[in-house]
Amino acid sequence: MGDSPDSAAITVEGLWKIFGSRAQRVLDSEDRHLEPATLREKTGCTAAVRDVSFEVRPGEVFVVMGLSGSGKSTLVRCLTRLIEPSAGEIRIGGEDIGRASPARLREIRRHQVSMVFQHFGLLPHRKVIDNVAYGLEIQGMPRAARHARAGEILSLVGLDGYADAYPDQLSGGMQQRVGLARALAVDPQVMLFDEPFSALDPLIRRDMQAEVIRLHREVGKTMVFITHDLSEALKLGERIAIMRAGSIVQLGTAEELVGAPADDYVSDFIRDVPRSHVLTLRWICRDPEPGEPLDGPELPVTTIIKDAIGLASASGRPIKVVDGDQLAGVVDRVDLLTFLSGQDVPVKAGA
Amino acid sequence: MSSTTAVSAPPRVKVPRWVAPVGAVVLFAAAYLAFRGTGTLPHDKEAPQFLAVTELREWIDDHRNDNPLFLYFLNYIRLFVGGLYDLFQTTLYALGWPGLTGVMGALAWLAGGWRIALLAVSGVSAFGFLGLWQSSVDTLALVAAAVLLSLAIGIPIGVWAGLSARARRAITPVLDVMQIMPTFAYLAPLALFFHIGAPAGAIATMIYSIPPAIRITALAISEVSPTAVEASASLGATRRQTLFKVYLPLARSTMALAVNQTIMMALSMVVIANLISAPGLGGDIIRGLSRAQVGIMLPAGVAIVVMAVVLDRMMMSVAQRGSAVGWRSGGSGATRAGEGGGAGATERASRSAAMNRPHAKLSRIDLVAAGVLAAVGLALIPVLPRVWPESWTINVVAEVNDAVRWAETTWYPVTTFIKDLVTASLLNPLETLLTSAPWWLVTLAVLAVAWRVSGVRPALIALGCLLAIALLGTWEHAMQTMTTVAVAVLVTLVIGLLLGVAAARSPRYSAVQRPLLDAAQTMPAFVYLLPALALFETTRFTAIFASIIYAVPPVVRLVEDGIKAVPATVVEAASSAGSTRGQLLWKVQLPMARQAILLAANQGIVMTLAMVVVGGLVGAGALGYDVVLGFSQRTDFGLGFVAGIATVLLGVMLDRITQGADRRSSPRKRKSP
Amino acid sequence: MKIRLLAGLLTAGLTLGLATACGGATVETSPSSTAAPQGGASSAGGTVKIAINPWVGYEASANVVAYLLKNELGYTVELPEIKEQLAWEGFETGDVDVIIENWGHPDLKKQFIEEKKVAVEAGSTGNKGVIGWYIPKWMADKYPDITDYKNLNKYAELFKTSESGDKGQLLFGDPSYVSNEEALIKNLKLNYKVVVGGSEAALIKGAQQAQTQQKPLLFYFWDPHWLFSKTDLVRVNLPAYTEGCDADPKKVACDYPEMDLDKIVSKKFADTGGKAYELVKNFTWTNEDQNAVADDMTNNGMTGEQAAKKWVEANTAKWQAWIPK
C-alpha cells in the first residue's frame, strides 16, 4: 500500500495541535482562530499547529521552515504521534495514523518512518554500532544480523572504523552521522529530520547537507526536513512549506517562494536571499521586442539566473529562453543587470 | 502596647523599616512581662494522652498473636524481613572472615580497581582487629537487608516519580516529612507494630533510608536526555524497552548514588535501631554510652566509619565507572536529597566523574585479580577459623578511657567554663522564657515569625504543628528541645558562615577543608556523640556540641557553594566599580547567596533537631529523653511515643518556618508578565 | 542481572517465611528465635543469648556465666545489649534467652511468666539488692541531720546545679533503671529535680568527685556495688519500706525494699536449653564475688571475659557446683 508512485507518501489534512488542559474546548470553539498571545491570555492554551494541510510525494524532499516557536517541530512529531495531535488526519502510505492502535503505531515507527533529531538523541552507554542497531534491536532482530546491517549503514554514512567508539568520543558532525545511520538502518520509507544540523557549525553543516543530498540520491527515501535555516531549506527542499505561528503561510518550490512571496512575512523572510541564485530565467524573460535579433544563444527556462550571466556577458545578443522547443522569451544583458541590481522587475506570477 | 501600634498604624506617615519588627518585639516583651507564668503547660508524665498510648501498647502486646491484622499481615512482614536478615547473617557467617574479606575485596576490585580493593580488605580486617567481628557482621547483614528492601521498594517508586510529574508531586511532600523526621521518631511506632529485634530494626532502617533511594532515582530518571527517549520512541520502542534500554542505563550512574546514599542513611540508622534491640555495632555504642566509656564506643564508632567509607568508596567507584561527561544535565537537583549529605554526594560524584575516563571497561587483569581474591578467600574458609581469632585483636578500651580521662581532667576548667557559660547565658534564660511564657503568646510569636519569613501557608502549618504539640501534652518538653535546637543552630550558623565565607574566598583553604567535609558527611550521625561525650559528660550542652559538629559541614558547604555560585561577571563588575573585598562580600556575595544561606539554615535546623533528639541519650533531656525513656520503661511507652510524634511536629514546624524563606524571594518574578 | 538476584533473594526470603508459618504468623515464629547453632562448627551445644543490662554488676554475673558456658560446656554465647524491660520482650521475640540478674519487676513477671507464658524463673542469684538515695560521707559528717529525708528540703540549696535550676538535684542513672524517684519527690514534697546522668558511670564519677572534692551530691545508687569498698557513701533514710507500700507506682512514698535478685529465662530456653539451662539455674554467688569481678572490669582495665576468667580460676570450687553432671 502506498508504494504506488502516484499516491502521496504523506497526507496531512486539517491538523491541529493545542497544548493545555482545555485544548479540546478551545478546538471546539471559535477561540481557535485567536492570535496566539490572545489565546494564551484567554484560555491558557497554546496552539502550536493550526489547521495544517499538505501532501508529500513519494521520494520527495519536503522542507518545513519557520522560526523557533512556529510549530514546525511539533508538526513533525505529530506525524508519527510522538506528540498526539488534537485534530486532523494524517496518512502515511495511505494508512490513517490517527486510527492506528498503539501496536500498529509501533510497527509503523519500527519499519516505515524514522527520525533524526536536533540533539542526536544517541545513547551514550552504547557503542556506535549498537546505537545504529538500536532500532533493529527493539524489533527483535538477532545480534549478528543487526550488527551486519548496522555495519553496512555505517559505511554508507562514512563512519567506517568507528563501530566500537562511544558517541561522546565523536565530533558533533560524526555523532549526527550516527543519528542518520540509526534512522537509515531500519530501512524506512519515510525519514523525518528535526533540525538535524542546527547544532553543528557551518562548515560541518554544509558537509552534512551534501551528505543528505547524496543519500537521498542513493537511497531515494521520502524525506520531511525541518529547519529554521532558509538557505538549507532552499538547498534541500524540492518543495518548502513556510510556517508561522502554527500555520503554513506558503507552500511551494524555492522559485515560487522567492519569486512570488505570499505575504509580507514571507517576503521579509526571503529578503536577503540572492534571488539570482534561486530564480530561473522563466521569471525574467520577456517577449522579444520588435526587431530584436533572435540569433543569440539558447538556454532552457529552468536555468538559474546566475548561471546565465556568463553566457550573457559573452554574447552581445539577447539570450533565447526556450521551454522545450518553444520560445518562452528573451533576456539580454540589460535585463540581467537590472535584475541583479535589485530594481523592481516585473516577475511573472504563477509561472 | 498601644503606643507601638499607634506608631505603625497611620498609613501615610513614612516610618523606617525597623519600626514594625521592633514594635512587634516590644509588644511581645510587654505581653510576656504581663502574662508570665500564666497559661503555661507544665509537663505531666501521667497525662491522659500518654496513658492512652501506653494502654494501647499493652493491648497490642496482648493481642499480637490473635488479632488478624497482626496474625495475617504485620507478623508476616516481620517474619519476611527477619528471614531476609537471617539469610544475610547466615551467609556472612558462613563465609567467615577469610571468605568475607576475599569476597568484599573482589567486589571492590571490580568496582574500582586495586586501590579500592585494598581499602575494602583492610577495612574488613579492621573489623576483626578492633575485636568487633561479630557486631560488624551483624550490622552488615542488617544494612544489607534494609538497603535491599529500600531499593526494592524505592527504585520502582523513584522510577515512577521520575517518569510522571504527577507522581512526583504526590510523593515529594511525603519524602520531605520523612526526611525531617528525626531518627528517633520512627522507633516507637515500629516497636508497636513490629515488636523489637532485628526485623523491627531492619524495617526502621529501611523506612529511614528509603527517601534518598526514591528521590535520587527520580532525579536520575528525570535527568535522562529527553531526546534519547524520543529517539527511542520514534523507532517504535515499547515503554518497557525504553525503560530498560534508555532510562535505566542512562540513569545508572546517578542511581548508584541513590544506592550509596541509601547505604549511608542505613548505616546511621542501624546504630539507633539498637534501641529496639537490633543487633550489631549499635549495641557496642549504646553500651559505651550507658557506661560513659569512650573506650568502648570508639572502636565501634571507628568500625562504623570504616564500613561507611568502604561502602561509600565502592559505590562511588561504581557511579564513576558508569558516568560519562555530559550524560546528565548537572546534579544540582539533589540538594535536599538525603538530609544534606546527598548534596555533597551527588556533587562529589559528578566532580570525580568529570575526571574519570568514561567507558573504562573492566580489563582482563581486573577480572582475574578479583577472581583470585575471591577464590583465595573462599578457599581459606575451611582452613582458618570463621570468627576472627581473638589473639589478633587490638584492645584499646583501657588506653582510650585513660586518654579521655586525661583530657577530661586536663581540660576540665576550659570545657566546664564553656559549658557553664553557654548553659547560664543562653540555654537557661531562653528555656525559662519559653517555658514560663503563656502558650498562646509563644504560638503568636511563632505565627508572626513564620508569616513574616515564609508567608501564610507555612505559618498556618507551623501553627497547626504547635497546637498539636500542645494538645499532645508535650508543650514544656517541646519548648525545652526547641531551646536546645535554637542555641545549637545559632552557633552552627555562625561557625558555618565563617568557615564557608573563608573557604569561598581562599581556594587554598577550601582545598584543605573540602576533603574534611567529605569525610565528615560520610560519617553516621551517632559518631559525633563520641567526642562530645568525652569532653562534656552528659548534659544538654553535650547534645548541642554534638549537633554543632554534625550540622556544620553541610552548612559550610552550602554557604561556600552559594557564594561561589555568584556569577563571576557580577563580582568583576563590582570589583571594577572599586569595591573593597569587604564591600564585595557584604553588598554582593552574601546578598546574592541568600538562597543558599537560607537553605543552609534550614538544613542546619533539620539536622540539629535530629541530633538534639538523639542527644537524649547523653543528657539532652526533654523530647529526646522521653523517647529513650519510652523504650526503657514500659509504663512510659506512651510518653515516648507521643514525644516521638511531637518531635516530628517540631521538625515540620521549624522546617516550614525556614524553608518558606527561599520560596519567598522570587514572587516578584512571577508576577511581572 | 541485579534485578534477577534481587528477585531471587526476595523469593528465598518469602519461602523461608511462608514455610515456617502457614495460616497466620505469631511473633515467636520468627526464624531467628531458635537457639539453633549459628556460628557453625565452633560451638557444640548451640547459642545462648544473655541480655546485658547496663550496670557493671549485671555484666559481671553475665560474663562469668558466659565464660563457663563457652569454656566448660562448649556453647556459643551472645551478649546483646538490651535494657531491662526490652529484655523481657526479647523472651517473646527470641532475642533473649537469659536475664541473669533481675531486680523485682513483679509487673513484668505477671505479664510474661503468668499471662504470656514465654518466660520462667530460674532461681536466685544469691545476691541481695537494694536501691537507695546516697550522699558522700563528708556531707553526713558535716550536716548530721541530712540523712533524714525530712531535712532534705532544708539543704536543697546545696544541691543546686545548672541542670536543676532553682531546685536541688537528685542525680539519676540510666533511664531504664527501676525508679520511683519522680513519685517520691512529688509525694514527699521535696524541692528536688531528677537530673538524668544517663549511666552508671555518671553516678560513679559524680560520687567519687563528690567525696574527693567535697562537692555536695545526692544520687540514686544501689548495692551490691564495688564502689562501696572504695568510696564512703551514706544512705539517706526515706520512710521505711512496708509490704505493699510501692504497689501503686504513682503513690509510692517509701524507700525501696531489699530484693532477692533472681534469674529469668525464656520458656523455650528452659525447655530446650539442656545443660546451659541447668548451669544458669545453678548459678548463685555472693555480693562479694560480684563486686570483685565488677571491680576488675571497671578499675583494673579488664574486659568482661578477662575478669570472668580470673574469678573462675580463683574460685573453682564454687563454680564446679554449678556445672550440670
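Just so you know, these numbers come straight off a predicted model, no measurement behind them.

S.K.: Help me get a handle on the overall build of chain A, residues and values and all.
M.R.: Counting secondary structure elements, chain A contains 14 helices and 13 strands. Per-residue burial for chain A yields a buried fraction of 52% across its 351 residues. Considering only contacts within chain A whose residues lie at least 6 apart along the sequence, 66% involve residues at least 24 apart. Split by element, the accessible area of chain A, about 15,700 Å² in all, is 49% carbon and sulfur.

S.K.: Before we move on, can you summarise the environment of B:Ile304 with the specific residues and values?
M.R.: Residue and element names in this part refer to chain B. Considering the arrangement of structural elements, one finds isoleucine 304 in helix 12 (residues 294-322). Take isoleucine 304: its relative accessible area is 0%, and that puts it in the buried class. In this structure the C-alpha to C-alpha distance between isoleucine 304 and valine 270, which are 34 residues apart in sequence, comes to 9.9 Å. Those residues within four positions of isoleucine 304 in sequence are excluded, and the remaining contacts are Leu267, Val271, Leu281 and Pro524.

S.K.: Please give an account of the packing of helix 2 (residues 56-71) of chain C against helix 9 (residues 274-282) of chain C that cites residues and values.
M.R.: Residue and element names in this part refer to chain C. Where helix 2 contacts helix 9, the two axes come as close as 11 Å, and the packing angle between them is 145 degrees. When you trace helix 2 past helix 9, the crossing you get is right-handed. Judged by residue contacts, Val65, Leu68 and Leu69 of helix 2 engage Ala276, Leu279 and Val280 from helix 9. Looking at the contact of helix 2 with helix 9 residue by residue, the class counts come to six nonpolar, no polar and no charged.

S.K.: I'd like to hear about the pairing of strand 6 (residues 113-116) of chain A, residue by residue, with values.
M.R.: Both faces of the sheet carry side chains from a regular strand, because those side chains alternate between them. Residue and element names in this part refer to chain A. Burial along strand 6 is two-sided: Val113 and Met115 facing one way and Ser114 and Val116 facing the other are all buried. Bridge count for strand 6 against strand 7 (residues 190-194) is four bridges, and the pairing is parallel. Each bridged residue has a counterpart across the sheet, and for methionine 115 the counterpart in strand 7 is leucine 192.

S.K.: Would you mind going over the pairing of strand 5 (residues 168-172) of chain C in detail, with residue names and values included?
M.R.: Residues and elements named next belong to chain C. Burial runs high along strand 5: five of the five residues are buried. Across the two faces of strand 5 the burial is the same, with Gly168, Leu170 and Phe172 and Gln169 and Leu171 all buried. In this structure, strand 5 lies alongside strand 6 (residues 192-196), joined through five bridges in parallel fashion. Of the residues in strand 6, the one forming a bridge with phenylalanine 172 is valine 196.

S.K.: Can you lay out the environment of C:Gln211 for me, pointing to particular residues and giving the numbers?
M.R.: All names here are of chain C. Mapped onto the elements, glutamine 211 comes out in helix 7 (residues 200-212). A C-alpha to C-alpha distance of 8.7 Å links glutamine 211 and methionine 139, two positions 72 residues apart in sequence. If near-sequence neighbours (up to four positions away) are discounted, glutamine 211 is found in contact with Pro136, Lys137, Trp138, Thr231 and Asp232.

S.K.: Account for the sheet that holds strand 7 of chain A, with residues named and values stated.
M.R.: All names here are of chain A. On the basis of which strands lie adjacent, the open sheet formed by six strands has the order 6-7-8-3-9-10 and mixed pairing. Looking along the sheet, the strands with just one partner apiece sit at the ends: strand 6 and strand 10 (247-252). Ignoring strand direction, the axes of neighbouring strands in this sheet form an average angle of 20 degrees. Lying over the sheet, helix 8 (residues 172-185) contacts strand 6 and strand 7, oriented at roughly 175 degrees with respect to strand 6.

S.K.: Before we move on, could you go through the sheet that holds strand 1 (residues 10-19) of chain A and cite the residues and values that matter?
M.R.: All names here are of chain A. The antiparallel open sheet is built from four strands, whose spatial order is 2-1-4-5. Both edges of this open sheet fall to strand 2 (46-56) and strand 5 (95-96), since each of them pairs with a single strand only. Bridge count between strand 1 and strand 2: seven bridges; the pairing is antiparallel. By the bridge assignment for strand 2, valine 12 is matched with phenylalanine 54. Packed on one face of the sheet, helix 3 (residues 72-79) meets strand 1, strand 2 and strand 4 (87-92) and runs near 120 degrees to strand 1.

S.K.: Give a detailed account of the packing of aromatic side chains, specifying residues and quantitative values.
M.R.: Any two aromatic rings considered together are summarised by their centre-to-centre distance and by the angle between their planes. All names here are of chain C. For the structure on display, the rule yields 34 aromatic pairs over all chains. Both rings, one in phenylalanine 283 and one in tryptophan 285, keep their centres 5.3 Å apart while their planes meet at 55 degrees; by these two values the pair is tilted. Accessibility classification places phenylalanine 283 together with tryptophan 285 in one group, the buried group. The rings of Trp55, Tyr58, Trp103, Tyr134, Phe172, Tyr177, Phe219, Tyr220, Phe221, Trp222, Phe228 and Tyr256 are connected pair by pair, giving a single aromatic cluster.

S.K.: Break down the nonpolar core for me, citing the residues and quoting the values.
M.R.: If you look at the biggest cluster of nonpolar residues, it comprises 273 residues, and the most contacted ones within it are B:Phe526, B:Met653, C:Ile50, C:Leu69 and C:Trp133. Leave out the neighbours within four places in its chain, and C:Leu69 touches C:Val48, C:Ile50, C:Gly74, C:Tyr75, C:Val77, C:Ala276 and C:Leu279.

S.K.: Mind laying out the side chain of C:Gln85, listing which residues take part and the relevant values?
M.R.: You can see C:Gln85 is positioned in helix 3 (residues 84-93). With a relative accessible area of 6%, C:Gln85 lands in the buried category. Discounting residues that sit within four places of it in the chain, C:Gln85 has contacts with B:Ser632, B:Gln633, B:Arg634, C:His105 and C:Leu108.

S.K.: Mind laying out helix 14 (residues 364-380) of chain B, listing which residues take part and the relevant values?
M.R.: All names here are of chain B. Between its first and last C-alpha atoms helix 14 spans 24 Å; for 17 residues at 1.5 Å apiece the expected length is 24 Å, and the two agree. Among the residues of helix 14, Asp366, Ala369, Ala370, Ala374 and Gly377 are the ones counted as buried. All buried residues of helix 14 fall inside an arc of 125 degrees around its axis, so they share one side. Within helix 14, the exposed residues directed more than 90 degrees away from the buried face are Arg364, Ile365 and Ala379. For helix 14, the elements touching its buried residues are helix 4 (68-129).

S.K.: Now, about the interface of chain C and chain B: what can you tell me, with residues and values included?
M.R.: Interface extent is often summarised as the accessible area lost during association of the parts. Each side of the interface is counted separately: chain C has 64 residues, and chain B has 61 residues. For the interface between chain C and chain B, the tally reads two salt bridges. With a shortest N-O distance of 2.2 Å, C:Glu89 and B:Arg57 are connected by a salt bridge. The set of elements that each furnish at least two residues to the side of chain C that touches chain B consists of helix 1 (2-20), helix 3, helix 4 (106-115) and helix 7 of chain C. With eleven residues, helix 1 of chain C is the largest single contributor of residues to the side of chain C that touches chain B. For the side of chain C that touches chain B, the residue count by class is 25 nonpolar, 22 polar and 17 charged.

About the thresholds
Residues numbered from 1 in each chain as written. Chains lettered and ligands numbered in written order. Predicted model: local features only at pLDDT ≥ 70, side-chain atom pairs only at ≥ 80, totals over all residues. Heavy atoms only, no water. Helix = DSSP H or I, 4+ residues; strand = E, 2+ residues; numbered from the N terminus. Buried < 20%, exposed > 50% of the residue type's maximum accessible area, 1.4 Å probe, protein only. Contact = heavy atoms within 4.5 Å. Areas by Shrake-Rupley, 256 points an atom, 1.4 Å probe, with all protein chains shown as cover. Axes fitted to C-alpha atoms, helices over the stretch in contact; angles between N-to-C directions. Left-handed = near helix turned anticlockwise from the far one by under 90°. Nonpolar A, V, L, I, M, F, W, Y, C, P; charged D, E, K, R; others polar. Pairing = 2+ DSSP bridges. Phe/Tyr/Trp six-rings, centres within 6.5 Å; stacked < 30°, edge-to-face > 60°. Core = buried A, V, L, I, M, F, W, Y, C linked by side-chain atoms within 4.5 Å. Expected span 1.5 Å × (residues − 1). Arc of directions from axis to C-beta. Salt bridge = Lys/Arg side-chain N within 4 Å of Asp/Glu carboxyl O.

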